[in-house]
Protein chains: 2
Amino acid sequence: MVGCARRAPQYEWMVPRAWYNILPDLGGALPPYLRPDGEPVRPRDLEVLFARELVRQEFSQERWIPIPSEVREIYLTWRPTPLVRARRLEEALRTPARIYYKYEGVSPPGSHKPNTAVAQVYYAAREGAGRVTTETGAGQWGSAVAFAGSLFRVKATVYMTRSSYLQKPYRRVLMELWGAEVVPSPSDRTEAGRKFLSEDPNHPGSLGIAISEAIEDAVRSGARYVLGSVLNFVLMHQTVIGLEALEQIRYFDDYPDYVVGCVGGGSSFSGLFWPFYYEKRAGKAERDVKFIAVEPAAVPSMTMGEYTYDFGDTAGLTPLIKMYTVGHTYKPPPIHAGGLRYHGCAPTLSLLVSRGEVGAVAYRQGEVFEAARLFAQHEGIVPAPESAHAVKAAVDIALEAKREGRPVTILINMSGHGLLDLQAYDEYLRGALADVVPTAEELAAHLARVRELIRGKGVR
Amino acid sequence: MVGCARRAPQYEWMVPRAWYNILPDLGGALPPYLRPDGEPVRPRDLEVLFARELVRQEFSQERWIPIPSEVREIYLTWRPTPLVRARRLEEALRTPARIYYKYEGVSPPGSHKPNTAVAQVYYAAREGAGRVTTETGAGQWGSAVAFAGSLFRVKATVYMTRSSYLQKPYRRVLMELWGAEVVPSPSDRTEAGRKFLSEDPNHPGSLGIAISEAIEDAVRSGARYVLGSVLNFVLMHQTVIGLEALEQIRYFDDYPDYVVGCVGGGSSFSGLFWPFYYEKRAGKAERDVKFIAVEPAAVPSMTMGEYTYDFGDTAGLTPLIKMYTVGHTYKPPPIHAGGLRYHGCAPTLSLLVSRGEVGAVAYRQGEVFEAARLFAQHEGIVPAPESAHAVKAAVDIALEAKREGRPVTILINMSGHGLLDLQAYDEYLRGALADVVPTAEELAAHLARVRELIRGKGVR
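Everything numeric here is computed off the predicted structure, so don't read it as measured data.

1. Some details on the overall build of chain A
Thinking step 1. If you tally the helices and strands in chain A, you get 19 helices and 14 strands.
Thinking step 2. Taking 460 residues into account, the globule formula puts the C-alpha radius of gyration at 23 Å, and chain A, at 20 Å, falls close to it.
Thinking step 3. Its C-alpha atoms give chain A principal-axis dimensions of about 55 × 50 × 45 Å.
Thinking step 4. In chain A, buried positions account for 68% of the 460 residues.
Thinking step 5. Restricting to contacts in chain A with at least 6 residues of sequence separation, those with at least 24 account for 77%.

Printed below as a string of structure tokens:
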């Protein structure tokens, strides 16, 4: 945190000057996004929604994309973020494993999300947009957009899932403090919202529905839409995390055997592991590093879903995207890791999981909070419920290493802090935490609808 | 935040290896603490409560006191903390002034408090204590002690003012997550608590009452008492803030004309300004730096109180301390800056204020939150309500500099973040913020009682 021009100048070099784009290193093209008619999406189709520069980045085959100085100047107010060795956690586990965490919770909104929010709002402003729209679950993404909006004087309209809007008012207050307009979703502002409200006036909402509303609002009004995950350019903006981590872990004369992160859409995990993937493919990796994606058992897209074309949202307004999905009609249980309540995951990540280049595991909410408490009591930092999934996986890997007597190195992404999720920890401490997961039958039904959806579009 | 051994080794040097003790530089002895009979307190009187090493530090005339490696190792997990130039705030104010803030909110508990909590709990553990007791208002101090307790495996019992316990449950959850026992004060666990409860079963509590309970508990049980402010050793532990700031601001080729901080007991402000005071007295200061203490108009000890002997707590269990006070019987209004709801202030700070070496100003809650919103919208960081007092003073100095066309440099202590105070910001945004301040008559009545108290003890 001292490491930058607006802090102490001598650390500025540590913050990357370019983002890493994985597309040229995937060893083959990504399956195209498809329009409802089954035809591939063209860049200009996306320019209805996104800043042109972001659409260019989405399809770019350049490996390194320069970070605009205006964006990097903002990064420098909290970057480089800490890479910390969790010595006390290691001691508590009596493991020979070395556990490091890259801590993104030091950003003003408290998560990794501003890494891309600042970039997206900057490009929107540069292309003349006076307003951006977006969705948010627990509020991590929405508060990052509100923060970015306040920096570039761009109005932010945030559609927030109603369940979070009602249960977690503090991130709403944070967004309003930064000048954003926060709308509980489903709302009566959009056709999509009105449709879901007519079905259920007390609809708790979902990330998929909120995406539908934010997109509809942007298309109607000409505002620019900003997205918190899934698409290539979003994940690419997050690579500042991994690029810093590559430098930092070498200061410890170490290198990871495992790079572990939680996955909702996949942006924080991709931001951390892409640069290590690049080194691995380029033969620069010092070890045969493995990549482990961790998802909630309540929304098991990678571990129980299918790798197929599906909509990115619930109302079906987005292109069809080939990804691991449990079906866009699936309603995720109200787990506290709101950022992981998403039916699909990023197409780049899905491709790598389908090839076995990235492993996936799922954990239940209860065991995740148990690991989070262990981490908080030994390392002091309270993990966001999302990030706690990575902690749980790291603890399991460390205990396995103990059984096998292997001194492996584990790097996890502590993508955010949980100071605005203490209500959830209170439920955990009081033994009042719900822990609902879907049945195989329930998932099968949603996946059958996905097959129905894509039948006849001539896609696989 | 990258700056340490457990982060990236090359920044470790920036974290001090010794605390700065102002006592030898005060140009005269501090008025002694007095026992109820008017006799000076001897070190062994304090050893009933505090770890012996802390009592030694309290009376030490050594200018530099080494930081134990076990304590420094913990500091290194979040120190050095950022020194940030608030460029966007400067631009918003259109001021020629340069405004820097030293940001202590990056510590796990989110404030400067662990700088001394870690040291005090370490010494207590080293001297064999299995439990520590303390008090907390809004919870900043209590959560720092809970954090330190979890690191050294020492049980922490925290007496929390009932109003905060009920209105601000999240810091309680944070303390419990770290393994502390949190007791709403006044409680039925102590004679002091029972006395106040008998007067008012719904007594909102006060910092002074909570101190009385924590002290009584410690004396009865043999646990060690840890204190969040006021005493010399507490303020000395905070000098890591100012010692880092001295190094950091020189990286900007700058030096402060004004060092500004909020004052409850005075520890965060003293931690920042003492090292600059040392340079000024030693003739090393690059400018004629001024020190500005900022207090809430709701508890105006320095601006409307008297410099006289008074108890440090409400029940009268502490020694008599010569300090600026509004009277230990005064009940502070329930302002959100719970850490500033204290009737007195540190004896070292009081001495310097009485000599005119430190200036004091007071602000009302409403104008303080207005300044905090301005800061949040331009700098992104949400100030703790306590720290926001320093922001308000800095804004006023910067606007005066604008009128006078003077490019002065202002350094403020951003002693903590306000992410657990968003309820207060919500009240502010909704225009529902109370703004109560005492009348001169009200204060005169309490001060008369103080004069009554010390009459006949042969003290002045």
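There is more to say, and it comes next.
2. Considering the sheet that holds strand β8 (residues 224-225) of chain A
Residue and element names in this part refer to chain A.
Thinking step 1. Across the sheet, four strands lie side by side as β7-β6-β5-β8; this open sheet has parallel pairing. What marks the edges here is a single partner per strand, and that holds for β7 (181-185) and β8.
Thinking step 2. Packed on one face of the sheet, helix α6 (residues 140-152) meets β5 (131-136) and β6 (155-161) and runs near 160 degrees to β5.

3. With respect to the nonpolar core
Thinking step 1. Core analysis: the largest hydrophobic core is formed by 290 residues, its most contacted members being Ile-410 of chain A together with Ile-410 of chain B.
Thinking step 2. When residues no more than four places from it in sequence are discounted, the contact partners of Ile-410 of chain B are Ala-97, Arg-98, Ile-99, Tyr-100, Tyr-258, Val-260, Ala-394, Ile-397 and Ala-398 of chain B.

4. Details of the interface of chain A and chain B
Thinking step 1. Taken together, the contact between chain A and chain B spans 55 residues of the former and 55 residues of the latter.
Thinking step 2. For the chain A and chain B pair, buried surface summed over both sides reaches about 4700 Å², with 64% attributable to carbon and sulfur atoms.
Thinking step 3. Linking chain A to chain B there are two salt bridges.
Thinking step 4. The partner of Asp-426 of chain B in a salt bridge is Arg-172 of chain A, and the shortest N-O contact between them spans 3.8 Å.
Thinking step 5. Applying the counting rule to chain A against chain B returns ten residue pairs in polar contact (both at pLDDT 80 or more).

5. Focus: helix α5 (residues 114-126) of chain A
Residues and elements named next belong to chain A.
Thinking step 1. Between its terminal C-alpha atoms α5 stretches 17 Å, which fits the 18 Å expected from 13 residues at 1.5 Å a residue.
Thinking step 2. Within α5, eleven of the 13 residues are buried, which leaves it mostly tucked inside the rest of the structure.
Thinking step 3. Burial in α5 covers these residues: Pro-114, Asn-115, Thr-116, Ala-117, Val-118, Ala-119, Gln-120, Val-121, Tyr-122, Tyr-123 and Ala-124.
Thinking step 4. With its phi angle positive at about 95 degrees, Gly-128 sits one or two positions after the end of α5.

6. A closer look at the domain arrangement of chain A
Residue and element names in this part refer to chain A.
Thinking step 1. Assigned domains within chain A: domain 1 (14-72 + 112-232) and domain 2 (80-110 + 242-455).
Thinking step 2. Centre-to-centre separation of domain 1 and domain 2, based on C-alpha positions: 21 Å.
Thinking step 3. The interface of domain 1 with domain 2 comprises 52 residues on the first partner and 49 residues on the second.
Thinking step 4. The contact between domain 1 and domain 2 buries some 4400 Å² in all, and 67% of this surface belongs to carbon and sulfur atoms.
Thinking step 5. Its largest share of buried area at the contact with domain 2, domain 1 owes to Met-14, His-112 and Val-230, together 16% of the area lost on that side.
Thinking step 6. Summed over the shared surface of domain 1 and domain 2, the number is two salt bridges.
Thinking step 7. The residue Arg-171 makes a salt bridge to Asp-421 at a minimum N-O spacing of 3.2 Å.
Thinking step 8. Put simply, domain 1 and domain 2 have 16 residue pairs in polar contact (both at pLDDT 80 or more) between them.
Thinking step 9. Secondary structure elements with two or more residues in the side of domain 1 that touches domain 2: β1 (18-20), α5, α6, α7 (162-167), α8 (169-177), α9 (191-199) and α10 (207-221).
Thinking step 10. The leading source of residues in the side of domain 1 that touches domain 2 is α10, at seven residues.

7. Topic: the sheet that holds strand β7 (residues 181-185) of chain B
Residues and elements named next belong to chain B.
Thinking step 1. Read across the open sheet, the four strands follow the order β7-β6-β5-β8; overall the sheet is parallel. Since the sheet does not close on itself, it has two edges, and those belong to β7 and β8 (224-225), each with one partner.
Thinking step 2. Two elements, strand β5 (residues 131-136) and strand β6 (residues 155-161), share six bridges in a ladder whose sense is parallel. Bridge pairing links Glu-135 to Tyr-159 in β6.

8. Considerations on the environment of Thr-318 of chain A
Residues and elements named next belong to chain A.
Thinking step 1. Position of Thr-318 relative to the elements: it lies in the loop between β11 (306-311) and β12 (320-325).
Thinking step 2. Residue Thr-318 is classed as buried on the basis of its relative accessible area of 11%.
Thinking step 3. With 263 residues separating them in the primary sequence, Thr-318 and Val-55 have C-alpha atoms 14 Å apart.
Thinking step 4. The contacts of Thr-318, once residues within four sequence positions are left out, are Ile-215, Phe-311, Gly-312 and Asp-313.

9. A short note on the packing of α8 of chain A against helix α18 (residues 422-429) of chain B
Packed helix pairs are specified by the crossing angle of their axes together with the interaxial distance, meaning the distance between the axes.
Thinking step 1. Across the interface, α8 of chain A lies against α18 of chain B with an axial gap of 9 Å and an inter-helix angle of 50 degrees. In terms of their interaxial angle, α8 of chain A and α18 of chain B are classed as oblique. In this structure, the crossing between α8 of chain A and α18 of chain B has a hand that is left-handed. Residues Tyr-170, Arg-172, Val-173, Leu-174, Glu-176 and Leu-177 of chain A of α8 of chain A form the contact with α18 of chain B, whose own contacting residues are Leu-422, Gln-423, Tyr-425, Asp-426 and Leu-429 of chain B.

10. Points about the packing of helix α13 (residues 267-281) of chain A against helix α15 (residues 347-354) of chain A
Residues and elements named next belong to chain A.
Thinking step 1. Orientation of α13 relative to α15, taken along the N-to-C sense of each, is 55 degrees, at an axis distance of 11 Å. As far as their axial angle goes, α15 and α13 are oblique. The way α13 lies across α15 gives a crossing that is left-handed. When α13 is examined against α15, the residues Phe-269, Phe-273, Trp-274 and Tyr-277 are found in contact with a partner set consisting of Thr-348, Leu-349 and Leu-352.
Thinking step 2. Grouping the amino acids of the contact of α13 with α15 by side-chain chemistry returns six nonpolar, one polar and no charged.

11. Here we look at the relation of the copies chain A and chain B
Put simply, the two copies of the chain differ by a rotation about an axis and a shift along that axis.
Thinking step 1. Laying chain A over chain B is done by rotating through 180 degrees and shifting 0.0 Å along the axis; what remains is an RMSD of 0.0 Å. The two molecules are tied by a two-fold rotation axis, judged by turn and shift.
Thinking step 2. A shared interface surface links the copies, since 100% of the contact residues of chain A are contact residues in chain B too.

12. Concerning the side chain of Ser-212 of chain A
Thinking step 1. Turning to its location among the elements, Ser-212 of chain A is positioned in helix α10.
Thinking step 2. Excluding its chain neighbours within four sequence positions, the residues that come into contact with Ser-212 of chain A are Ala-192, Asp-313, Thr-314, Ala-315 and Leu-317 of chain A.

13. What about the side chain of Glu-386 of chain B?
Residues and elements named next belong to chain B.
Thinking step 1. Here Glu-386 lies in helix α17 (residues 385-404).
Thinking step 2. Despite being buried, Glu-386 has no salt bridge partner; Arg-171 is the closest side chain of opposite charge, sitting 6.2 Å away.
Thinking step 3. Of the polar contacts made by the side chain of Glu-386, one reaches the backbone nitrogen of Gly-339; its length is 2.8 Å.
Thinking step 4. Those residues in contact with Glu-386 that sit more than four places away from it in its chain are Ala-138, Gln-140, Cys-262, His-336, Ala-337, Gly-338, Gly-339 and Leu-340.

14. Things to note about the confidence of the model for chain A
Residues and elements named next belong to chain A.
Thinking step 1. Per-residue confidence for chain A averages 93 on the pLDDT scale, and 97% of its residues sit at or above 70.
Thinking step 2. Contacts of residues 1-9 to residues separated by more than four positions or lying in other chains number 55 contacts, the stretch itself having pLDDT below 50.
Thinking step 3. We note a pTM of 0.92 for the whole complex and an ipTM of 0.88 for its interfaces.

15. Section: the environment of Met-302 of chain B
Residue and element names in this part refer to chain B.
Thinking step 1. Position of Met-302 among the secondary structure elements: in helix α14 (residues 301-304).
Thinking step 2. Judged by relative accessible area, Met-302 falls into the buried class, the value being 7%.
Thinking step 3. With 236 residues separating them in the primary sequence, Met-302 and Pro-66 have C-alpha atoms 32 Å apart.
Thinking step 4. Apart from the residues within four sequence positions on either side, Met-302 is in contact with Val-263, Ala-293, Glu-295, Tyr-324, Cys-345, Leu-349, Val-353 and Ala-360.

16. A closer look at the pattern of salt bridges
Residues and elements named next belong to chain B.
Thinking step 1. As enumerated under the stated definition, the model contains 68 salt bridges over all chains in all.
Thinking step 2. A salt bridge links Glu-216 to Arg-220, with the nearest nitrogen and oxygen atoms 2.8 Å apart. With Glu-216 and Arg-220 both in helix α10 (residues 207-221) and four residues apart, the pair spans about one turn of that helix.
Thinking step 3. For Glu-216, a relative accessible area of 11% translates into the label buried.
Thinking step 4. Note on Arg-220: relative accessible area 52%, which makes it exposed.
Thinking step 5. Across the pair Arg-406 and Glu-404 runs a salt bridge whose closest N-O atoms are separated by 2.7 Å.

17. Looking at α17 of chain B
Residue and element names in this part refer to chain B.
Thinking step 1. Helix length check: α17, at 20 residues, gives a terminal C-alpha distance of 29 Å against a target of 28 Å (1.5 Å per residue), a fit within 8%.
Thinking step 2. For α17, the tally of buried residues reaches 14 of 20 residues, placing the bulk of the element in the interior.
Thinking step 3. Positive backbone phi, approximately 65 degrees, marks Gly-405, located one or two places after α17.

Quick notes on the rules
- Residues numbered from 1 in each chain as written.
- Chains lettered and ligands numbered in written order.
- Predicted model: local features only at pLDDT ≥ 70, side-chain atom pairs only at ≥ 80, totals over all residues.
- Heavy atoms only, no water.
- Helix = DSSP H or I, 4+ residues; strand = E, 2+ residues; numbered from the N terminus.
- Rg over C-alpha atoms; globule rule 2.2 N^0.38 Å.
- Buried < 20%, exposed > 50% of the residue type's maximum accessible area, 1.4 Å probe, protein only.
- Contact = heavy atoms within 4.5 Å.
- Pairing = 2+ DSSP bridges.
- Axes fitted to C-alpha atoms, helices over the stretch in contact; angles between N-to-C directions.
- Core = buried A, V, L, I, M, F, W, Y, C linked by side-chain atoms within 4.5 Å.
- Buried area = accessible area lost by both parts, 1.4 Å probe.
- Salt bridge = Lys/Arg side-chain N within 4 Å of Asp/Glu carboxyl O.
- Polar contact = N/O pair within 3.5 Å; in protein donor to acceptor, adjacent residues only side chain to side chain.
- Expected span 1.5 Å × (residues − 1).
- Domains from an automatic or database assignment.
- Parallel < 35°, antiparallel > 145°, perpendicular 65-115°, else oblique.
- Left-handed = near helix turned anticlockwise from the far one by under 90°.
- Nonpolar A, V, L, I, M, F, W, Y, C, P; charged D, E, K, R; others polar.
- Least-squares fit on C-alpha atoms with pLDDT ≥ 70 in both.
- Lys, Arg positive; Asp, Glu negative; His and termini not counted.
- pLDDT = per-residue confidence, 0-100.

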